[in-house]
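# Notes for the structure review
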Amino acid sequence: MKTDPDTIRNWRPQTQLVRGGTNRSGFKETSEAIIATSGYVYDSAEEAEDRFKGLNDGFTYSRFENPTVDMFERRMALLEGAPLARGTASGMSAVTAALMCQLRAGDHVVAARALFGSCRYIVEDLLPRFGVASTLVDGRDLGAWRAAVRDETKVFFLESPTNPTLEIVDIAGVSEIARAAGARVVVDNVFASPMLQHPLDLGAHVVVYSATKHIDGQGRCLGGVVLGDETFVLDELRPFLRNTGPSLSPFNAWVLLKALETLPLRMAAHCRNAAEIADFLAAQSGVTRVLYPGRTDHPQHALAMRQMSAGGSLIAFEVAGGKAGAFRVANALALIDISNNLGDAKSLVTHPATTTHHRLTEAARAELGITPGLLRLSVGIEDVEDLKEDLARALQANR
Ligand SMILES: *Cc1c(COP(=O)(O)O)cnc(C)c1O
(Lines give C-alpha, C1' and ligand atoms only; values in the text may rest on other atoms or scores of the structure.)
Protein backbone atom coordinates (compact mmCIF):
# COMPACT_ATOMS: atom_id res chain seq x y z
CA MET A 1 0.00 0.00 0.00
CA LYS A 2 1.30 3.45 -0.86
CA THR A 3 0.98 6.24 1.69
CA ASP A 4 -0.77 9.28 0.26
CA PRO A 5 0.69 12.78 0.73
CA ASP A 6 -2.08 13.94 3.09
CA THR A 7 -1.40 11.08 5.49
CA ILE A 8 2.32 11.91 5.47
CA ARG A 9 1.62 15.57 6.26
CA ASN A 10 -0.47 14.47 9.24
CA TRP A 11 2.26 12.28 10.71
CA ARG A 12 3.93 13.66 13.79
CA PRO A 13 7.40 15.17 13.23
CA GLN A 14 9.45 12.21 14.49
CA THR A 15 7.59 9.90 12.09
CA GLN A 16 8.02 12.33 9.19
CA LEU A 17 11.75 12.45 9.89
CA VAL A 18 12.06 8.67 9.67
CA ARG A 19 9.66 8.06 6.78
CA GLY A 20 8.75 11.35 5.07
CA GLY A 21 9.81 11.69 1.44
CA THR A 22 10.82 8.03 1.07
CA ASN A 23 10.56 6.93 -2.57
CA ARG A 24 11.46 3.26 -3.02
CA SER A 25 12.94 1.99 -6.26
CA GLY A 26 11.73 -1.21 -7.97
CA PHE A 27 13.89 -3.24 -5.56
CA LYS A 28 11.69 -2.20 -2.60
CA GLU A 29 14.68 -1.51 -0.37
CA THR A 30 13.90 -0.73 3.30
CA SER A 31 16.54 1.99 3.59
CA GLU A 32 16.53 4.87 1.12
CA ALA A 33 18.77 4.22 -1.90
CA ILE A 34 21.67 6.31 -3.16
CA ILE A 35 20.81 6.86 -6.80
CA ALA A 36 24.31 7.73 -8.01
CA THR A 37 23.61 8.81 -11.57
CA SER A 38 24.11 11.97 -13.56
CA GLY A 39 21.49 11.19 -16.21
CA TYR A 40 18.30 9.21 -16.92
CA VAL A 41 17.13 7.21 -19.94
CA TYR A 42 13.82 7.41 -21.80
CA ASP A 43 11.86 4.61 -23.43
CA SER A 44 11.39 6.69 -26.56
CA ALA A 45 12.23 10.02 -28.13
CA GLU A 46 8.61 10.99 -27.57
CA GLU A 47 8.93 10.31 -23.84
CA ALA A 48 12.05 12.53 -23.70
CA GLU A 49 10.22 15.28 -25.56
CA ASP A 50 7.26 15.10 -23.17
CA ARG A 51 9.55 15.00 -20.11
CA PHE A 52 11.26 18.21 -21.20
CA LYS A 53 7.87 19.82 -21.83
CA GLY A 54 6.84 18.80 -18.30
CA LEU A 55 4.05 16.55 -19.60
CA ASN A 56 5.23 13.47 -17.67
CA ASP A 57 6.84 13.07 -14.28
CA GLY A 58 10.43 11.94 -14.03
CA PHE A 59 14.01 12.99 -13.94
CA THR A 60 16.13 14.45 -16.74
CA TYR A 61 19.54 15.33 -15.30
CA SER A 62 21.00 15.34 -11.78
CA ARG A 63 21.99 19.00 -11.93
CA PHE A 64 18.21 19.60 -12.01
CA GLU A 65 16.84 16.77 -9.88
CA ASN A 66 17.88 13.42 -8.47
CA PRO A 67 15.74 10.85 -6.62
CA THR A 68 17.95 10.76 -3.49
CA VAL A 69 18.23 14.56 -3.34
CA ASP A 70 14.47 14.73 -3.89
CA MET A 71 13.84 12.50 -0.84
CA PHE A 72 16.03 14.78 1.30
CA GLU A 73 14.20 17.88 0.05
CA ARG A 74 10.77 16.40 0.73
CA ARG A 75 11.76 15.33 4.26
CA MET A 76 13.23 18.80 4.98
CA ALA A 77 10.08 20.54 3.69
CA LEU A 78 7.91 18.40 6.02
CA LEU A 79 10.17 19.22 8.97
CA GLU A 80 10.17 22.96 8.28
CA GLY A 81 6.49 23.13 7.38
CA ALA A 82 7.52 24.75 4.09
CA PRO A 83 5.81 24.11 0.77
CA LEU A 84 9.11 23.33 -1.00
CA ALA A 85 12.82 22.78 -0.36
CA ARG A 86 15.89 22.64 -2.59
CA GLY A 87 19.17 21.00 -1.57
CA THR A 88 22.52 22.59 -2.39
CA ALA A 89 26.19 21.58 -2.21
CA SER A 90 26.93 23.60 0.95
CA GLY A 91 25.39 26.09 3.31
CA MET A 92 27.13 28.92 1.49
CA SER A 93 25.71 27.89 -1.87
CA ALA A 94 22.28 27.88 -0.19
CA VAL A 95 22.79 31.43 1.14
CA THR A 96 24.23 32.72 -2.15
CA ALA A 97 21.42 31.20 -4.20
CA ALA A 98 18.68 32.33 -1.81
CA LEU A 99 19.90 35.93 -2.10
CA MET A 100 21.11 36.19 -5.70
CA CYS A 101 18.12 34.43 -7.25
CA GLN A 102 15.80 37.24 -6.13
CA LEU A 103 18.07 40.31 -6.38
CA ARG A 104 19.12 42.47 -9.30
CA ALA A 105 21.15 45.64 -9.85
CA GLY A 106 19.53 48.60 -8.13
CA ASP A 107 18.08 46.53 -5.27
CA HIS A 108 19.02 47.04 -1.63
CA VAL A 109 19.55 44.52 1.18
CA VAL A 110 19.39 45.16 4.93
CA ALA A 111 21.33 42.60 6.98
CA ALA A 112 22.19 42.09 10.61
CA ARG A 113 25.84 42.89 11.30
CA ALA A 114 26.37 39.71 13.30
CA LEU A 115 26.55 37.22 10.45
CA PHE A 116 28.58 34.11 9.68
CA GLY A 117 31.86 35.36 8.10
CA SER A 118 31.17 34.15 4.55
CA CYS A 119 27.62 35.53 4.69
CA ARG A 120 29.08 38.95 5.47
CA TYR A 121 31.30 38.57 2.40
CA ILE A 122 28.25 37.89 0.21
CA VAL A 123 26.38 40.92 1.55
CA GLU A 124 29.29 43.37 1.93
CA ASP A 125 31.57 42.42 -0.98
CA LEU A 126 29.87 40.24 -3.57
CA LEU A 127 26.39 41.74 -3.95
CA PRO A 128 27.66 45.35 -4.32
CA ARG A 129 29.79 44.21 -7.31
CA PHE A 130 26.54 43.46 -9.09
CA GLY A 131 24.90 46.73 -8.14
CA VAL A 132 23.06 45.46 -5.07
CA ALA A 133 23.64 47.86 -2.18
CA SER A 134 23.58 46.69 1.42
CA THR A 135 23.23 48.21 4.88
CA LEU A 136 24.41 46.37 8.00
CA VAL A 137 22.50 47.05 11.20
CA ASP A 138 22.53 45.91 14.82
CA GLY A 139 20.07 43.06 14.37
CA ARG A 140 18.78 43.39 17.95
CA ASP A 141 17.54 46.93 17.31
CA LEU A 142 14.18 46.96 15.50
CA GLY A 143 14.49 50.73 15.05
CA ALA A 144 17.72 50.21 13.12
CA TRP A 145 16.00 47.78 10.70
CA ARG A 146 13.17 50.29 10.19
CA ALA A 147 15.57 53.19 9.64
CA ALA A 148 17.62 51.27 7.06
CA VAL A 149 14.66 50.66 4.71
CA ARG A 150 14.79 52.40 1.32
CA ASP A 151 12.40 52.33 -1.62
CA GLU A 152 14.70 49.76 -3.27
CA THR A 153 14.91 47.42 -0.25
CA LYS A 154 14.03 43.91 -1.41
CA VAL A 155 15.51 41.58 1.21
CA PHE A 156 16.20 41.47 4.96
CA PHE A 157 18.83 38.89 5.90
CA LEU A 158 19.66 37.64 9.40
CA GLU A 159 20.71 34.74 11.57
CA SER A 160 19.52 34.08 15.13
CA PRO A 161 21.12 33.13 17.43
CA THR A 162 24.19 34.75 15.90
CA ASN A 163 27.72 33.44 15.58
CA PRO A 164 29.58 33.52 17.93
CA THR A 165 28.06 35.76 20.63
CA LEU A 166 24.55 34.23 20.46
CA GLU A 167 22.65 37.48 20.06
CA ILE A 168 18.95 37.00 19.37
CA VAL A 169 17.14 38.80 16.55
CA ASP A 170 13.37 39.24 16.96
CA ILE A 171 12.32 37.36 13.82
CA ALA A 172 8.61 38.25 14.15
CA GLY A 173 9.42 41.93 14.75
CA VAL A 174 11.84 42.14 11.82
CA SER A 175 9.39 40.28 9.56
CA GLU A 176 6.64 42.77 10.36
CA ILE A 177 8.91 45.67 9.36
CA ALA A 178 9.94 43.86 6.18
CA ARG A 179 6.38 43.04 5.18
CA ALA A 180 5.34 46.67 5.68
CA ALA A 181 8.24 47.67 3.41
CA GLY A 182 7.37 45.04 0.79
CA ALA A 183 10.64 43.18 1.40
CA ARG A 184 11.28 39.49 1.98
CA VAL A 185 13.01 38.08 5.07
CA VAL A 186 15.67 35.38 4.60
CA VAL A 187 16.71 33.63 7.83
CA ASP A 188 19.90 31.60 8.21
CA ASN A 189 18.55 29.18 10.82
CA VAL A 190 21.71 27.14 11.37
CA PHE A 191 22.34 27.87 15.05
CA ALA A 192 18.80 27.05 16.19
CA SER A 193 18.38 24.11 13.77
CA PRO A 194 14.98 23.16 12.35
CA MET A 195 14.14 21.43 15.65
CA LEU A 196 14.15 24.57 17.83
CA GLN A 197 12.92 27.45 15.68
CA HIS A 198 10.51 27.86 12.75
CA PRO A 199 11.16 31.23 11.07
CA LEU A 200 8.31 30.75 8.56
CA ASP A 201 5.81 30.59 11.45
CA LEU A 202 7.32 33.86 12.77
CA GLY A 203 6.68 35.63 9.47
CA ALA A 204 9.91 35.04 7.51
CA HIS A 205 9.69 34.15 3.80
CA VAL A 206 12.76 32.00 3.20
CA VAL A 207 14.86 29.74 5.46
CA VAL A 208 18.38 28.56 4.66
CA TYR A 209 20.56 25.94 6.33
CA SER A 210 24.05 24.73 6.28
CA ALA A 211 23.10 21.04 6.56
CA THR A 212 26.77 20.47 7.37
CA LYS A 213 25.99 21.52 10.94
CA HIS A 214 23.24 19.94 13.11
CA ILE A 215 21.42 18.25 10.22
CA ASP A 216 24.34 15.95 9.40
CA GLY A 217 25.64 16.58 12.88
CA GLN A 218 28.33 13.94 12.58
CA GLY A 219 30.99 15.82 10.64
CA ARG A 220 30.72 13.74 7.47
CA CYS A 221 29.79 16.00 4.60
CA LEU A 222 28.82 19.46 3.39
CA GLY A 223 25.33 20.33 2.30
CA GLY A 224 22.74 23.09 2.30
CA VAL A 225 19.04 23.63 1.86
CA VAL A 226 16.74 26.53 0.98
CA LEU A 227 13.03 26.46 1.89
CA GLY A 228 10.18 28.72 0.88
CA ASP A 229 6.84 29.01 -0.88
CA GLU A 230 6.01 27.84 -4.43
CA THR A 231 6.45 31.23 -6.07
CA PHE A 232 9.89 31.76 -4.60
CA VAL A 233 11.19 28.20 -5.05
CA LEU A 234 9.75 27.42 -8.49
CA ASP A 235 9.97 30.81 -10.19
CA GLU A 236 13.12 32.33 -8.67
CA LEU A 237 15.28 29.75 -6.89
CA ARG A 238 14.82 26.81 -9.26
CA PRO A 239 16.02 28.48 -12.47
CA PHE A 240 19.00 29.97 -10.58
CA LEU A 241 20.06 26.58 -9.16
CA ARG A 242 19.43 24.66 -12.41
CA ASN A 243 21.51 27.01 -14.50
CA THR A 244 24.33 27.83 -12.08
CA GLY A 245 24.68 24.27 -10.73
CA PRO A 246 25.57 24.19 -7.00
CA SER A 247 23.92 20.76 -6.85
CA LEU A 248 23.86 18.53 -3.79
CA SER A 249 25.49 15.17 -4.57
CA PRO A 250 23.27 12.09 -4.21
CA PHE A 251 25.72 10.61 -1.71
CA ASN A 252 25.69 13.69 0.52
CA ALA A 253 21.89 13.93 0.18
CA TRP A 254 21.68 10.33 1.40
CA VAL A 255 23.92 11.04 4.42
CA LEU A 256 21.74 14.05 5.31
CA LEU A 257 18.48 12.20 4.67
CA LYS A 258 19.48 9.39 7.04
CA ALA A 259 20.76 11.94 9.57
CA LEU A 260 17.30 13.54 9.74
CA GLU A 261 15.99 10.27 11.25
CA THR A 262 17.95 10.96 14.45
CA LEU A 263 17.94 14.79 14.45
CA PRO A 264 15.31 15.18 17.21
CA LEU A 265 17.15 12.71 19.45
CA ARG A 266 20.50 14.39 18.86
CA MET A 267 19.17 17.93 19.31
CA ALA A 268 17.52 16.99 22.60
CA ALA A 269 20.84 15.59 23.83
CA HIS A 270 22.79 18.64 22.55
CA CYS A 271 20.43 21.04 24.34
CA ARG A 272 20.37 19.05 27.59
CA ASN A 273 24.17 18.92 27.71
CA ALA A 274 24.62 22.58 26.67
CA ALA A 275 22.21 23.86 29.35
CA GLU A 276 24.09 21.91 32.00
CA ILE A 277 27.53 22.99 30.73
CA ALA A 278 26.45 26.65 30.59
CA ASP A 279 25.42 26.56 34.26
CA PHE A 280 28.61 24.68 35.12
CA LEU A 281 30.81 27.27 33.36
CA ALA A 282 29.00 30.17 35.02
CA ALA A 283 29.96 28.73 38.42
CA GLN A 284 33.69 28.40 37.63
CA SER A 285 36.20 30.98 38.76
CA GLY A 286 38.28 32.15 35.81
CA VAL A 287 35.17 32.33 33.61
CA THR A 288 34.26 36.01 33.34
CA ARG A 289 31.15 35.77 31.11
CA VAL A 290 28.81 33.04 29.85
CA LEU A 291 26.40 33.63 26.98
CA TYR A 292 23.74 30.96 26.49
CA PRO A 293 20.21 31.81 25.27
CA GLY A 294 18.72 29.23 27.65
CA ARG A 295 20.10 30.95 30.76
CA THR A 296 18.04 33.64 32.47
CA ASP A 297 21.10 35.95 32.58
CA HIS A 298 21.29 36.06 28.76
CA PRO A 299 20.36 39.69 27.87
CA GLN A 300 17.63 38.47 25.50
CA HIS A 301 16.56 35.31 27.33
CA ALA A 302 12.83 36.14 27.18
CA LEU A 303 12.91 36.74 23.42
CA ALA A 304 15.01 33.61 22.87
CA MET A 305 12.48 31.49 24.73
CA ARG A 306 9.62 33.09 22.80
CA GLN A 307 10.98 32.03 19.44
CA MET A 308 13.07 28.94 20.30
CA SER A 309 11.93 25.80 22.09
CA ALA A 310 15.31 25.32 23.83
CA GLY A 311 18.64 27.10 24.28
CA GLY A 312 20.55 25.26 21.56
CA SER A 313 23.94 23.56 21.40
CA LEU A 314 26.25 26.59 21.44
CA ILE A 315 27.76 28.49 24.33
CA ALA A 316 30.07 31.52 24.20
CA PHE A 317 32.21 32.09 27.26
CA GLU A 318 35.04 34.41 28.18
CA VAL A 319 37.99 33.35 30.29
CA ALA A 320 40.41 35.47 32.27
CA GLY A 321 43.74 36.38 30.66
CA GLY A 322 42.59 37.47 27.18
CA LYS A 323 43.95 35.61 24.15
CA ALA A 324 46.68 33.87 26.17
CA GLY A 325 44.13 32.65 28.68
CA ALA A 326 41.76 31.42 25.96
CA PHE A 327 44.62 29.58 24.23
CA ARG A 328 45.73 28.00 27.55
CA VAL A 329 42.21 26.70 28.16
CA ALA A 330 41.73 25.41 24.58
CA ASN A 331 45.15 23.73 24.57
CA ALA A 332 44.51 22.04 27.93
CA LEU A 333 41.28 20.38 26.76
CA ALA A 334 41.85 16.66 26.28
CA LEU A 335 38.42 15.44 25.17
CA ILE A 336 36.88 18.51 23.53
CA ASP A 337 38.54 19.14 20.14
CA ILE A 338 39.73 22.48 18.80
CA SER A 339 37.68 22.85 15.61
CA ASN A 340 35.70 25.64 13.97
CA ASN A 341 32.86 23.32 12.92
CA LEU A 342 29.70 23.22 15.04
CA GLY A 343 26.57 21.21 15.66
CA ASP A 344 28.60 18.00 15.74
CA ALA A 345 28.09 14.97 17.99
CA LYS A 346 31.63 15.70 19.19
CA SER A 347 32.12 18.76 21.41
CA LEU A 348 34.25 21.36 19.62
CA VAL A 349 35.81 24.59 20.83
CA THR A 350 37.03 27.53 18.76
CA HIS A 351 38.64 30.92 19.43
CA PRO A 352 36.58 33.22 17.17
CA ALA A 353 38.97 36.23 17.27
CA THR A 354 41.79 34.25 15.63
CA THR A 355 39.76 31.87 13.43
CA THR A 356 36.22 32.45 12.16
CA HIS A 357 36.39 36.22 12.70
CA HIS A 358 40.12 36.91 12.21
CA ARG A 359 39.46 38.81 8.97
CA LEU A 360 37.41 41.50 10.75
CA THR A 361 39.16 44.57 12.11
CA GLU A 362 39.73 44.82 15.85
CA ALA A 363 37.01 47.50 15.98
CA ALA A 364 34.50 45.34 14.07
CA ARG A 365 35.19 42.45 16.44
CA ALA A 366 34.75 44.70 19.46
CA GLU A 367 31.43 45.91 18.03
CA LEU A 368 30.27 42.27 17.91
CA GLY A 369 31.49 41.51 21.42
CA ILE A 370 34.22 39.15 20.18
CA THR A 371 36.80 39.79 22.87
CA PRO A 372 40.29 38.19 22.93
CA GLY A 373 39.29 35.89 25.82
CA LEU A 374 36.09 34.62 24.15
CA LEU A 375 35.71 30.92 23.30
CA ARG A 376 32.79 29.34 21.43
CA LEU A 377 31.84 25.86 22.56
CA SER A 378 29.67 23.61 20.40
CA VAL A 379 28.41 21.10 22.94
CA GLY A 380 28.22 17.54 21.63
CA ILE A 381 26.31 14.51 22.79
CA GLU A 382 29.02 12.84 24.88
CA ASP A 383 28.36 12.12 28.58
CA VAL A 384 28.05 15.53 30.19
CA GLU A 385 30.14 14.48 33.22
CA ASP A 386 33.15 13.80 30.97
CA LEU A 387 32.70 17.22 29.36
CA LYS A 388 32.56 18.95 32.75
CA GLU A 389 35.69 17.15 33.95
CA ASP A 390 37.53 18.15 30.78
CA LEU A 391 36.50 21.82 31.12
CA ALA A 392 37.31 21.92 34.84
CA ARG A 393 40.80 20.56 34.16
CA ALA A 394 41.38 23.04 31.31
CA LEU A 395 40.21 26.02 33.38
CA GLN A 396 42.56 24.91 36.14
CA ALA A 397 45.44 25.28 33.65
CA ASN A 398 44.58 29.01 33.38
CA ARG A 399 44.72 29.75 37.10
C1 LIG B 1 28.50 26.98 8.58
C2 LIG B 1 27.56 28.07 8.37
C3 LIG B 1 27.27 28.53 7.08
C4 LIG B 1 27.94 27.97 5.85
O5 LIG B 1 27.71 26.61 5.66
P6 LIG B 1 28.72 25.63 4.88
O7 LIG B 1 27.99 24.34 4.84
O8 LIG B 1 29.99 25.60 5.63
O9 LIG B 1 28.91 26.22 3.51
C10 LIG B 1 26.37 29.57 6.95
N11 LIG B 1 25.78 30.14 8.04
C12 LIG B 1 26.03 29.72 9.29
C13 LIG B 1 25.36 30.39 10.43
C14 LIG B 1 26.93 28.68 9.50
O15 LIG B 1 27.19 28.28 10.76
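Computed from a predicted model, the values in this text were never measured in an experiment. (Residues numbered from 1 in each chain as written. Predicted model: local features only at pLDDT ≥ 70, side-chain atom pairs only at ≥ 80, totals over all residues. Heavy atoms only, no water.)

On a plain count of helices and strands, the chain comes out with 16 helices and 12 strands. The globule rule puts the C-alpha radius of gyration for 399 residues at 21 Å, and the 22 Å found for the chain is close to it. Principal-axis analysis of the C-alpha atoms gives the chain an extent of 75 × 50 × 35 Å. A burial count over the chain gives 54% of its 399 residues as buried. Of all intrachain contacts in the chain linking residues separated by at least 6 positions in sequence, the fraction that spans at least 24 positions is 73%. Considering the chain, the positive charge centre built from 41 side chains and the negative charge centre built from 47 side chains are found 2 Å apart. (Helix = DSSP H or I, 4+ residues; strand = E, 2+ residues; numbered from the N terminus. Rg over C-alpha atoms; globule rule 2.2 N^0.38 Å. Buried < 20%, exposed > 50% of the residue type's maximum accessible area, 1.4 Å probe, protein only. Contact = heavy atoms within 4.5 Å. Lys, Arg positive; Asp, Glu negative; His and termini not counted. Charge placed at Lys NZ, Arg CZ, Asp CG, Glu CD.)

The linkage connecting Ser160 with the following residue, Pro161, adopts the cis geometry, with an omega of -5 degrees. The omega angle of the peptide bond from Asn163 to Pro164 is 0 degrees, so this bond is cis rather than trans. Structurally, Pro164 is set in the loop between β4 (153-159) and α8 (171-181). Of note, the phi angle at Lys28 is positive, near 60 degrees, even though the residue is not glycine. Within the secondary structure layout, Lys28 lies in the loop between α2 (13-19) and α3 (45-53). Judged by relative accessible area, Lys28 falls into the exposed class, the value being 63%. One non-glycine residue, Ser193, adopts positive backbone phi at about 75 degrees. By the element assignment, Ser193 lies in helix α9 (residues 193-196). Relative accessible area serves as the criterion here: at 1%, Ser193 is assigned to the buried category.

A word on the environment of Ser62. Mapped onto the elements, Ser62 comes out in the loop between α3 and α4 (67-80). Classification of Ser62 as buried rests on a relative accessible area of 16%. Leaving out residues up to four positions away in the same chain, Ser62 has contacts with Thr37, Ser38, Tyr40 and Ser247.

Attention shifts here to the site of the ligand. For the ligand, the set of nearby residues contains 13 residues, the closest of which are Met92, Asp188, Ser210, Thr212 and Lys213. Take Gly91: an N or O atom from its main chain is 2.8 Å from an oxygen atom of the ligand. Here the shell around the ligand is composed, by residue class, of 5 nonpolar, 5 polar and 3 charged. (Near = heavy atom within 4 Å. Polar contact = N/O pair within 3.5 Å; in protein donor to acceptor, adjacent residues only side chain to side chain. Nonpolar A, V, L, I, M, F, W, Y, C, P; charged D, E, K, R; others polar.)

Turning next to helix α5 (residues 91-100). By the criterion of burial, α5 is predominantly enclosed, with 8 of the 10 residues buried. Within the sequence span of α5, burial applies to Gly91, Ser93, Ala94, Val95, Thr96, Ala97, Ala98 and Leu99. You can read the cap of α5 off the contacts: a side-chain oxygen lies 3.4 Å from the backbone nitrogen of Met92, and it is on Ser90.

For the rest of this paragraph, the subject is the packing of α5 against helix α10 (residues 230-244). At a closest axis distance of 9 Å, the pairing of α5 and α10 adopts a crossing angle of 120 degrees. The angle between the axes of α5 and α10 places the two elements in the oblique class. The handedness of the crossing between α5 and α10 comes out as right-handed. Of α10, the residues touching α5 (which contributes Ala97, Ala98 and Met100) are Phe232, Leu237, Phe240 and Leu241. Looking at side-chain class alone, the contact of α5 with α10 contains 7 nonpolar, no polar and no charged residues. (Axes fitted to C-alpha atoms, helices over the stretch in contact; angles between N-to-C directions. Parallel < 35°, antiparallel > 145°, perpendicular 65-115°, else oblique. Left-handed = near helix turned anticlockwise from the far one by under 90°.)

Another point: the side chain of Ser347. As for its position among the elements, Ser347 is in the loop between β10 (337-338) and β11 (348-350). Note on Ser347: relative accessible area 1%, which makes it buried. At a separation of 2.7 Å, a polar atom in the side chain of Ser347 contacts the main-chain amide nitrogen of Gly380. Looking at Ser347, its side chain comes within polar contact range of the side chain of Glu382, at 2.7 Å.

Counting residues in hydrophobic clusters, the biggest one holds 33 residues, and the most contacted among them are Phe72, Met76, Ile215, Leu227 and Leu260. Contributions of two or more residues to this core are made by α4, β6 (206-210), β7 (224-228), α11 (250-260), α12 (263-282) and α13 (301-307). Per-element accounting of this core gives the leading share, 6 residues, to α4. Composition of this core by domain shows at least three residues from each of domain 1 (5-260) and domain 2 (264-396). Aside from chain neighbours lying at most four places away, what touches Phe72 is Ala211, Ile215, Gly224, Val225, Leu248, Ala253, Leu256, Leu257 and Leu260. (Core = buried A, V, L, I, M, F, W, Y, C linked by side-chain atoms within 4.5 Å. Domains from an automatic or database assignment.)

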